[in-house]
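Single-letter residue listing:
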Amino acid sequence: MEAISTKFSEPARQSRVAIFIILIKFVRFTIRSFWPIALSFFIGRKSGSSFEDIIGYVALGIAAINLFGSVLTYFRFYFHVEDGAIIIDKGVLKRTKTNIPFERIQTINLQQNIVHQIFGVVSLEIDTAGAKKSELTIDALKKEDAEALRMFILEEKDQLVGETPEEQSSEEKEELKEETILKLGVGDLLKVGVSQNHLRSMAILFAFVFSTLNELTDNVTDAVEQQLSGYQEALLSNTWIVFLGSVIIVAIISFIYSLINTVLKNFDLKLSTKKGGLKLVRGLLNREEISINKSKVQNVSWSDNPLRSLFQMYTVQIEQASSSQADQLKAKIKIPGSYMEQVKNILQVVFGQKEILSDEIHR
């Protein structure tokens, strides 16, 4: 551990892959924020209008400045560990130095999108008690460096709160070995995907279609009406057929979307325990690793729906105690599908409870 401490004691930059990651984040943010304006601008602008040209050039200029600033943030971002804390020094025009004591750190999670996986790097996110969002995000680190840094911080944190290796019992030392509690195969994921809430996907699809149509100009609407004018009587006489056909098409698309999204998000899902913590790893294109402290788990709940009950599967949620002001999502592990035997294993690992107690129903 002394070698690891020495390695991170000097201010260091992220992996150079972080430049590419920052550019991708910038492009995604720009598209997500300005696509309605861009769509309205290019479809509805009047040809030969100098005002729209000026607005376009101004927008491009602002985008270029923001792009340059995003790249510059990589060269102005440093991190290191010192005196039981991780220190971040960042900022281009306004320099900010943040000191995060190890004992305040709640969780340390690793994220990998497709770009991270190609280059063998990860994004490291550090959450602290009382923070509404990640206190620190390092966009790109070598995977072995990120895992070493996380292990160092967690072990130093244990020593700071008074738990030393000599004081650990043989049972606690045995927990240093990682043990898999739950794992979902492809067949399990297909069951989860089939039993998902497809109405949510339908709502997303309708919202996208109507928001896009809302940006179209009257000229496009007139053109569509002109093309359909010859079929007006046929459409009116078959209104119910058209309506039912549209609902069926949307339902099929929503079902396929939910199924694919579930499989991609939860691919190779594995819940394991190691050194007093619970770790959830999942995802194909976006690989994420979520860890919480087992001793701080507040409750374990499981639920089903009519479709999922046919497969005898449950959605399990493991919630960690955190500040009421904090974003509760970061203090939870959600497993979209598990069987009752796996639920019992989770309860035994977290609470030492081998059996689910019989319940009484009250009106």
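One can find the structure itself at the top, above this paragraph.
Let me begin by describing the structure that accompanies this report. Each chain has its residues counted from 1, running along the sequence as written. Only residues with pLDDT of at least 70 get local features here, since the model is predicted, and only at 80 or more are side-chain atom pairs given and counted; chain-wide, interface and lining totals rely on the full set of residues. Where side-chain values are given, they derive from all heavy atoms of the structure, hydrogens and water being excluded.

1. Details of the pairing of strand E5 (residues 121–128)
To keep it simple, the criterion reads: Relative accessibility thresholds used throughout: buried, under 20% of the residue-type maximum; exposed, over 50%; partly exposed, between the two (1.4 Å probe, protein chains only). Strands here are runs of E lasting at least two residues and helices are runs of H or I lasting at least four, both read from the DSSP assignment and numbered beginning at the N terminus. Any two strands are treated as partners once DSSP identifies two or more bridges connecting them.
Buried residues dominate E5, accounting for seven of its eight residues. Across six bridges, the pairing between strand E4 (residues 105–112) and E5 is antiparallel. The partner of Leu 110 across the bridge, within E5, is Leu 124. With five bridges joining them, E5 and strand E6 (residues 136–142) adopt antiparallel strand pairing.

2. Here we look at the packing of aromatic side chains
Here is the rule we go by: Centre distance within 6.5 Å is the pairing criterion for rings of Phe, Tyr and Trp, where only the six-membered ring of Trp is used; planes under 30 degrees apart are then read as stacked, over 60 as edge-to-face, and the remainder as tilted.
All chains considered together, the criterion is met by two aromatic pairs. Centroid distance Tyr 74 to Phe 75: 4.9 Å. Interplanar angle 80°. Geometry classified as edge-to-face. For Phe 75, a relative accessible area of 36% puts it in the partly exposed group. Here Phe 102 and Phe 152 contribute two aromatic rings whose centre-to-centre distance is 6.1 Å and whose plane-to-plane angle is 90°, an arrangement assigned as edge-to-face. Taken together, the positions of Phe 102 in the loop between strand E3 (96–101) and E4 and Phe 152 in helix H5 (residues 143–160) put the pair 50 residues apart, joining distant regions of the chain. As far as the burial class goes, Phe 102 and Phe 152 line up, both buried.

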